[in-house]
Structures are given as C-alpha cells and as structure tokens.
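Inside the fold
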Amino acid sequence: MTTTHGIAYCKIVIVVDDDIDPFDLKQVMWALSTRFTPSKDLVVVPTASIISLDSSSDPPGMSHKLILFCPYVIIQSALF
C-alpha cells in the first residue's frame, strides 16, 4: 500500500464503487457512512511498511494499515 511514487505513508484506504467520485470528499464520506459495515468490510493489513518518520510506527518503518470497502449492496426482500 504505497503511492505511485513509492512513498509508504498511506495507512487507510477507502475503496468505493464506480458510482462514487473518489475525488469528491462528500460522496466518499456518504458512501462510508451508508455503505460500510465494519464486521464485513474492514481489512487490517498487519506489519506493513510505512515511512520511518511516522512517530506512531513500532518498530520504526512498520505499522498496521486499514482497507475500508464501501460497496453498493442490493437488499433483497424476503418476498422474492
């Protein structure tokens, strides 16, 4: 989980469907608030590399990272 130029500072990644503009913070926060289910849509990446200047890393250069999936879910009725 690094950027395209190779800097490993990213700790949290939010994945949205194609109906959400990832550059529009309001849309991303809406998707996170309405589509994200922590028990199913959270992935923890343990001991991933990170920039060594990050004071929260322990040991230096290593940290856990999060991936948050915000999928569009179709709720099916029990009548079908």
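Residues numbered from 1 in each chain as written. Predicted model: local features only at pLDDT ≥ 70, side-chain atom pairs only at ≥ 80, totals over all residues. Heavy atoms only, no water.

Right, let's get into the nonpolar core. Among the nonpolar cores identified, the biggest contains six residues, and these are Ile20, Val28, Ala31, Phe36, Leu68 and Cys70. Among the elements of the structure, helix 1 (25-35) and strand 3 (62-70) are those that each provide at least two residues to this core. If sequence neighbours within four positions are ignored, Val28 has contacts with Ile14, Ile20, Asp21 and Pro22. (Core = buried A, V, L, I, M, F, W, Y, C linked by side-chain atoms within 4.5 Å. Buried < 20%, exposed > 50% of the residue type's maximum accessible area, 1.4 Å probe, protein only. Helix = DSSP H or I, 4+ residues; strand = E, 2+ residues; numbered from the N terminus. Contact = heavy atoms within 4.5 Å.)

Before going further, it helps to examine a nonpolar patch on the surface. Among the surface-exposed residues, Ile12, Ile14, Leu25 and Met29 lie close enough to one another that they form a single nonpolar patch of about 360 Å² accessible area. Among the secondary structure elements, those contributing two or more residues to the nonpolar patch are strand 1 (12-16) and helix 1. Of note, Met29 is situated in helix 1. (Patch = residues over 30% accessible without salt bridge, like charges linked within 9 Å, V, L, I, M, F, W, Y side chains within 5 Å. Areas by Shrake-Rupley, 256 points an atom, 1.4 Å probe, with all protein chains shown as cover. Salt bridge = Lys/Arg side-chain N within 4 Å of Asp/Glu carboxyl O.)

The next thing to look at is the pattern of salt bridges. Under the defined criterion, the tally for this structure stands at two salt bridges. Note that Arg35 is salt-bridged to Asp19, the shortest N-O span being 2.6 Å. Highlighted residues: Arg35 in helix 1 and Asp19 in the loop between strand 1 and helix 1, separated in sequence by 16 residues. Of the residues examined, Arg35 reaches a relative accessible area of 9% and is grouped as buried. The class of Asp19 is partly exposed, set by a relative accessible area of 44%.

One open sheet holds the three strands; their spatial order is 1-3-2, and the pairing between them is mixed. Two strands close off the open sheet at either side, each with one partner strand: strand 1 and strand 2 (42-49). Across the sheet, the mean angle from the axis of one strand to that of its neighbour is 20°, orientation sign disregarded. Bridge count for strand 1 against strand 3 is five bridges, and the pairing is parallel. Bridge pairing in strand 3 places Ile14 opposite Leu68. (Pairing = 2+ DSSP bridges. Axes fitted to C-alpha atoms, helices over the stretch in contact; angles between N-to-C directions.)

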